[in-house]
Structure formats: structure tokens, C-alpha cells
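# Survey of secondary and tertiary structure
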Amino acid sequence: MQTEQIYAHFHPDEHRFVDKAAEWVARAEQHMVKLTDFLDPRQAFIVSALANRSRDIHIRFDGGHEHAERKRAFIAPDYRVLDKEDMGISLISVTSLDNKLKDLDHGDYMGSILAIGMKRDKVGDIYVTDQGCQFLVAIEVADYMRLNLQQVHRVHVQTTLLSLDQLEPAKTRLEEQSLSVASLRLDGIVSDVYHLSRAKILIPIKAGRCKVNWKQEEDPSKPLKAGDMVSLQGFGRFQVLEVEGVTKKGRYRVKIGKYV
């Protein structure tokens, strides 16, 4: 399939990643293997979509545990057995003698990880608790992370390398909200969730800072449905849990789960 035909299926901002994924697939067809960095669900979908065009390769996805959101991919010729391949994932625990860790959230840890020069692609899922956090990381940068991550949001921390079987995934915490909205449009629901005017919401959406199901979405009128995952850069993310029905006045009752 020609490049232009492949691009037609993806957002323009995804074309660079599509090119990389297509190269990985092509190399696997030439009997080479590729272990990727951590991919979000949208990137994993793109890799799978391109790989499915070939009968000569297969992929293993692994994020360190069964329900991981972010995963590394091992792309290889179809004759290679992938079950025992080393996926290159380490587990790091962050703790502190200071009781202030209970006040930190996912963004605090992520910000501190990026501040020491780490790329987001090298980090998998992050699980935050009142006692600290555990996060999955590419094995090739694990020692660097362990030695250099010494502070999170002005709190001094200790980092320890653990085995993957010591992972304790924190349960996802959702703050449920019930909304009454005029329509299921993206801009209307996002403005209600984050208590911003419709005019203010249009700016980040049209600037490409909003994603629906991990795919960039610039159309404010896009209708949402139950199950959709929405993220707005700088504000967090939420999921449409249920569209409960229509009121007598023609408004939609929607249940939202906001990640906290």
C-alpha cells in the first residue's frame, strides 16, 4: 500500500509515528527484530494495523503486567517465538521518610521524571499511593532513573529497583459526575467537566491539545459516546461512563468518571 493511502487512515500529526512503525514492520519482514519504547493505546493500535498487512511478522505487547495501559512492543519475523523474549521492563519504587508524599499526584511524579531529562516514551504506567509510587520504565534507563530521581515536587525521595512481581498496581480512582448537557458534543461535555466556558474550551481543542481515545481531536462538534476516553492537556482526563437518557426538555443525562 502506498504511503499516501496509509496516511489517509490517520491524523496528520500521527504521520511521523506511522512512518516509524512502518519502518519497524519493514525491517521485521527482512528478518530483523524491534523492541519499541512504551506505546500508548493509540500507538499500539497503529503498530498493529500496519503489522496486520503482513503475514510474515508478529508482535508481542507487554507493559509489565496484565492490565497495563502503556506497553512495549516486540516486532519480529513470524518464525521467532516471542513468549520468552525479554521485554526490557524494570520496576522502580519511590518512597520518602517525609509524610508529604500523600499530597502528590501522577502529574507531580511525571513532571519530576521529565525534569531529569527522561523521555516520556521510556516510562510505562505510574501507580500513585499515599505512601509514594511505583512506575515501570525501560530497563536501559532504569539505573539512571534510580540514581537521579531524588526529589518530587520539593519532597526528597528514595528510589529502589524492584522485581516485576513486586508491582502493586493502584486501583484507578474515578470521581463520578452526573451532567445534563444540551448535546453530546465534545466541547460541551469537556467545558462542563472542567468548569470552563465553551469559548475557552475551543482554544485548546482547536490547538490539538485534546485527545479522544488517545487520538488527537480538533473537531469541537465530535459526538462522544459511552466508553470514550477524553484527555485535555494540562487538565487531566475523564471517561464517559454512561449516556443515561434524555430529559423531558431534550437534554442528555451523562455520567462521567474523572481520573483523580
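These numbers come from a predicted model, not from an experiment. (Residues numbered from 1 in each chain as written. Predicted model: local features only at pLDDT ≥ 70, side-chain atom pairs only at ≥ 80, totals over all residues. Heavy atoms only, no water.)

This part covers the overall build of the chain. Counting its secondary structure elements, the chain contains seven helices and 15 strands. Based on the C-alpha atoms only, the size of the chain along its principal axes is roughly 60 × 55 × 30 Å. Within the chain, the fraction of its 260 residues that count as buried is 43%. Restricting to contacts in the chain with at least 6 residues of sequence separation, those with at least 24 account for 58%. As displayed, the chain has an accessible area near 14,700 Å², and 48% of this comes from carbon and sulfur atoms. Within the chain, one finds 38 positive and 37 negative side-chain charges whose respective centroids are separated by 5 Å. (Helix = DSSP H or I, 4+ residues; strand = E, 2+ residues; numbered from the N terminus. Buried < 20%, exposed > 50% of the residue type's maximum accessible area, 1.4 Å probe, protein only. Contact = heavy atoms within 4.5 Å. Areas by Shrake-Rupley, 256 points an atom, 1.4 Å probe, with all protein chains shown as cover. Lys, Arg positive; Asp, Glu negative; His and termini not counted. Charge placed at Lys NZ, Arg CZ, Asp CG, Glu CD.)

As a further point, take the packing of helix H6 (residues 186-193) against helix H7 (residues 198-206). A packed helix pair is summarised by two numbers, namely the angle formed by the two axes and the spacing between the axes. Running from N to C, H6 and H7 point in directions that differ by 110 degrees, and their axes come no closer than 9 Å. In this view, H6 runs roughly perpendicular relative to H7, as classed from their interaxial angle. Here H6 runs over H7; the crossing is right-handed. Residues Leu186, Asp187, Gly188, Val190 and Ser191 of H6 form the contact with H7, whose participating residues are Arg198, Ile201, Leu202 and Ile205. (Axes fitted to C-alpha atoms, helices over the stretch in contact; angles between N-to-C directions. Parallel < 35°, antiparallel > 145°, perpendicular 65-115°, else oblique. Left-handed = near helix turned anticlockwise from the far one by under 90°.)

A few words now on the environment of Lys215. Relative to the assigned elements, Lys215 resides in strand E12 (residues 215-216). Given a relative accessible area of 31%, Lys215 falls into the partly exposed group. With residues near it in sequence (within four places) discarded, Lys215 still touches Glu14, Arg42 and Cys210.

Let's shift gears to a positive patch on the surface. A contiguous patch of positive charge, built from Arg16, Lys20, Lys34 and Lys119, is present on the exposed surface. With respect to the secondary-structure elements, Lys20 resides in helix H2 (residues 15-29). Given the relative accessible area of 40%, Lys20 is considered partly exposed. (Patch = residues over 30% accessible without salt bridge, like charges linked within 9 Å, V, L, I, M, F, W, Y side chains within 5 Å. Salt bridge = Lys/Arg side-chain N within 4 Å of Asp/Glu carboxyl O.)

Moving on, we get to the sheet that holds strand E13 (residues 229-232). Strand pairing in a sheet relies on backbone hydrogen bonds, with the paired strands running either antiparallel or parallel. With antiparallel pairing, six strands are arranged side by side in an open sheet as E10-E15-E14-E13-E11-E12. A single partner strand is all that each edge strand has here, and the edge strands are strand E10 (174-181) and E12. Both E10 and strand E15 (residues 252-259) contribute to a ladder of eight bridges, which runs antiparallel. Each bridged residue has a counterpart across the sheet, and for Leu174 the counterpart in E15 is Tyr259. (Pairing = 2+ DSSP bridges.)

All right, on to the packing of aromatic side chains then. Evaluated as defined, the whole model comprises three aromatic pairs. Ring centres of Phe17 and Trp24 lie 5.8 Å apart, and the angle between their planes is 85 degrees; on these two criteria the pair is classed as edge-to-face. Taking the relative accessible area as the measure of exposure, Phe17 reaches 12% and is therefore buried. Here the aromatic cluster, defined as three or more aromatic residues joined through ring pairs, consists of Tyr194, Phe235 and Phe238. The aromatic ring of Phe38 is capped on one face by Arg72, whose charged end is 5.9 Å from the ring centroid. (Phe/Tyr/Trp six-rings, centres within 6.5 Å; stacked < 30°, edge-to-face > 60°. Lys NZ or Arg CZ within 6 Å of the ring centre and 35° of its normal.)

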